[in-house]
Every structure is written in C-alpha cells, then in structure tokens.
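# Analysis of the macromolecular model
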Amino acid sequence: MKLLRYRMGSEVRPGLLDGSGAIRDLSAHVPDIAAAALSDSALARLAGLDPRALPLVEGKPDLAPCVGQPGKFLGIGLNYTDHAEEMGMALPEHPILFLKATSSICGPDDDVILPRGSVATDWEVELGVVIGTKAKYVTEAEALDHVAGYCVINDVSERDFQTKLTGQWTKGKSCDTFGPVGPWLVTKDEVPDPQNLWLTCDVNGTRRQTGNTSRMVFTVAEIISHLSQLMTLHPGDVIATGTPPGVGMGAKPEPVFLRAGDMMRLEIEGLGVQTQKVRADDR
C-alpha cells in the first residue's frame, strides 16, 4: 500500500493511493497515519479494504507529511561509501547518529525556508524508514520485521550551523521545514529489498545526486538493530538513513548551496517524488 496524509482546509486526513494514482479517503477506517495505524495487524486491516469502495478525493490536495506525530526523527550521517569519499572523511566504525527536531518535518512539496543568517543550506535525498512495531534489543535478522514502510526524505542541512556553531549536527538539521517527508509511506511488502533502491536529487533541473542504497555503509537492518541497543524505537519513529554523493557541500571546485527561488526534485525508486521551492524567511 501507499499511505498518505492530505490537507483539506485546516484538517489533515488519512488517505490511500489507489492503483490509478487517485487518492482515497481513509477517515472512516483510521484517524491518522500515525503510531496506532502502523502495526502489522492495523496495516493488514487497511490492506484488506477495497480501494474502489473508499471515497474518492477530488482534485489534487496538498500532501502533508506521510507520517503523523512521530516521537523521534533520527538521522544517520556519512552512510554511503561514495558520499564519505566526496567529503574526504573516513568511513565510520558505527552508525553516526544525530537528531532532527520533529518540528522540522513538513510536507513533501512544501516550501523549504532558509532561516535567517543561512549561507550554506544544502540538499540530501535519503531513504526514510518508519517504525511499525516497538523495537528494543533486536538483532539484524529481526530488524526489518519492525518496519512499517519506507518513504522519501530530504535531510535539508545548514552546513554553517551544522559545523561552525558550537555543539552537534542537530543545530544545522533542525530548522523549520528542513524535513520534507513523503509523498507517501510505502508499506514494506512493496519494498522487498531496501538495499537496492535508486535515489536522485535535481536542483533547478540539474542532476546533483544519484545513488543506490546498495552503497550504504550500514544497512537498514544494521541501523535499526544498532539504534535499538541504545533506545527503544516506537511506532511512528522516522529514521533518515543517509545520503549518496552529490551534496552541495561536496561540489568541486567550490561548494554550491541553495538560494531563494531554487527548486528541488527528489525521487526514490518506487517511493515517489518530492518537489520543493526554496524561499527566504520573511518573518
């Protein structure tokens, strides 16, 4: 299934993408695409519905983040061998973990807003993993059983905030709108091998990133198992699993960063497309 959340006025409603690409309303069956709806049994109930019997959503409503109210938004750094090479950094011995504030999460096609003082905001297409069932001290063999599904994430990053402000990467990762998530949550049954997916990111029509999840340093299963040794992963938690090469910070001979008016287009094979316009914070 491809599950989503869409906006109707001030409301956000749960939906399903049918085989023709139309949105069907799930409001009568689930209050939200959030923690309680992501267990294996809950997803099985939704999978048993006939999409043709669900109300058709007319038009093209704006899409909200495909997961509602995640408790944690976790990021993994330097997790592609070729990205580490372009950054001139050694491969990590263990997954590098940082946090993105949940307040950074926005819809897949919402504007990305440059915060005041930003001079080095960057793009990062990433495979997103959404936890479906509680995971604590799980093995790598068990890890994927705890996944509800996968999605596209843009791990937008302000590199000066990330590297030059005293503290951790979280400062450069957590600005408002720095976490577009969606367009939809693709359940794990439609993604038999998360380690063989192509990812791309275009900026202003120019291909900047191309990669494959086979180049991850740590697989999705390894990441989940590792994190579960440190903390309990709860239903609805979101993990951004790292980015392939082609980020602006790694451009040669000089870095290239986002400016107001730029357009980004991110896609992961089978998981959909995001598009974002960049604008300055006018507040």
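Residues numbered from 1 in each chain as written. Predicted model: local features only at pLDDT ≥ 70, side-chain atom pairs only at ≥ 80, totals over all residues. Heavy atoms only, no water.

Pairing is mixed in the open sheet, where five strands are placed in the order β8-β19-β18-β15-β16. Strands with a single pairing partner mark the edges of an open sheet, and in this sheet they are β8 (112–114) and β16 (206–212). The mean angle between the axes of side-by-side strands here comes to 20 degrees, regardless of whether they run parallel or antiparallel. Of the strand pairs in this sheet, strand β18 (residues 263–268) and strand β19 (residues 272–280) are connected by six bridges, and their pairing is antiparallel. Its bridge partner being in β19, Ile268 is matched across the sheet by Gly272. (Pairing = 2+ DSSP bridges. Helix = DSSP H or I, 4+ residues; strand = E, 2+ residues; numbered from the N terminus. Axes fitted to C-alpha atoms, helices over the stretch in contact; angles between N-to-C directions.)

Another aspect to go through is the pattern of salt bridges. The tally for this structure, following the rule as stated, stands at 20 salt bridges. Across the pair Asp32 and Arg5 runs a salt bridge whose closest N-O atoms are separated by 2.7 Å. Of this pair, Asp32 sits in the loop between β3 (23–25) and α1 (40–47) while Arg5 sits in strand β1 (residues 2–8), and the two are 27 residues apart along the sequence. In this structure, Asp32 and Arg5 share a single accessibility class: buried. Two residues, Arg24 and Asp18, come together in a salt bridge whose shortest N-O distance is 3.0 Å. The same class applies to Arg24 and to Asp18, which are both buried. Overlapping salt bridges bring together Lys100, Asp122, Glu124, Asp155, Arg159 and Lys173 as one network. (Salt bridge = Lys/Arg side-chain N within 4 Å of Asp/Glu carboxyl O. Buried < 20%, exposed > 50% of the residue type's maximum accessible area, 1.4 Å probe, protein only.)

This part is about the packing of aromatic side chains. According to the stated counting rule, one finds one aromatic pair in the structure shown. Consider the rings of Phe98 and Trp169, whose centres lie 5.7 Å apart with planes at 50 degrees: the pair is tilted. Placement of Phe98 in strand β6 (residues 96–99) and of Trp169 in the loop between α4 (159–164) and α5 (170–173) is noted, with a sequence separation of 71 residues between them. The exposure class of Phe98 is buried, given its relative accessible area of 6%. On the basis of relative accessibility, which here comes to 27%, the residue Trp169 falls in the partly exposed class. The ring of Tyr137 carries Lys136 above its face, with NZ or CZ at 4.5 Å from the centroid. (Phe/Tyr/Trp six-rings, centres within 6.5 Å; stacked < 30°, edge-to-face > 60°. Lys NZ or Arg CZ within 6 Å of the ring centre and 35° of its normal.)

Here we come to the pairing of β19. Strand direction decides the pairing type here: β8 and β19, joined by three bridges, are parallel. Across the sheet, the residue bridging to Leu114 is Ala280, located in β19.

Attention now goes to the layout of surface pockets. Of the pockets and cavities examined, the largest pocket occupies roughly 190 Å³. Listed by contribution, the elements that provide at least two residues to the lining of the largest pocket are β5 (73–77), α2 (81–87) and α4. Tallied by class, residues from the lining of the largest pocket come to seven nonpolar, seven polar and five charged. Lining the second largest pocket are Leu17, Gly21, Ala22, Ile23, Val57, Gly59, Lys60, Pro61, Leu63 and Trp184. Among the residues forming the lining of the second largest pocket, the class breakdown is seven nonpolar, two polar and one charged. (1 Å grid on protein atoms, 1.4 Å probe; cavity = no way out; pocket = protein on both sides within 12 Å on 5 of 7 lines; lining within 4 Å. Points joined across faces, edges and corners; volume = space filled by probe spheres on them. Nonpolar A, V, L, I, M, F, W, Y, C, P; charged D, E, K, R; others polar.)

With eight of eight residues buried, strand β11 (residues 147–154) lies mostly within the body of the structure. Sheet analysis places strand β10 (residues 125–131) next to β11, joined by seven bridges and oriented antiparallel. Counted as the bridge partner of Val129 is Tyr150 from β11. By the bridge criterion, two bridges tie β11 to strand β14 (residues 185–187) in an arrangement that is antiparallel. When the sheet's bridge partners are listed, Gly149 is paired in β14 with Thr187.

With that out of the way, let us pick up a nonpolar patch on the surface. Residues Leu97, Leu99 and Leu230 make up a contiguous nonpolar surface patch of about 270 Å² in total accessible area. Topologically, Leu97 is positioned in strand β6. According to the relative accessible area criterion, Leu97 is partly exposed, its value standing at 35%. (Patch = residues over 30% accessible without salt bridge, like charges linked within 9 Å, V, L, I, M, F, W, Y side chains within 5 Å. Areas by Shrake-Rupley, 256 points an atom, 1.4 Å probe, with all protein chains shown as cover.)

Here we come to the environment of Lys100. Here Lys100 shows up in the loop between β6 and β7 (105–106). Look at Lys100 and you get buried, because its relative accessible area is 3%. With 57 residues separating them along the chain, Lys100 and Ser157 place their C-alpha atoms 9.9 Å apart. With residues up to four places along the chain from it excluded, the contact list for Lys100 reads Phe73, Asp155, Val156, Lys173, Ser174, Phe178 and Gly179. Of note is the side chain of Lys100, whose polar atom sits 3.2 Å from the backbone oxygen of Val156. A distance of 2.8 Å separates the side chain of Lys100 from the backbone oxygen of Phe178, its partner in a polar contact. (Contact = heavy atoms within 4.5 Å. Polar contact = N/O pair within 3.5 Å; in protein donor to acceptor, adjacent residues only side chain to side chain.)

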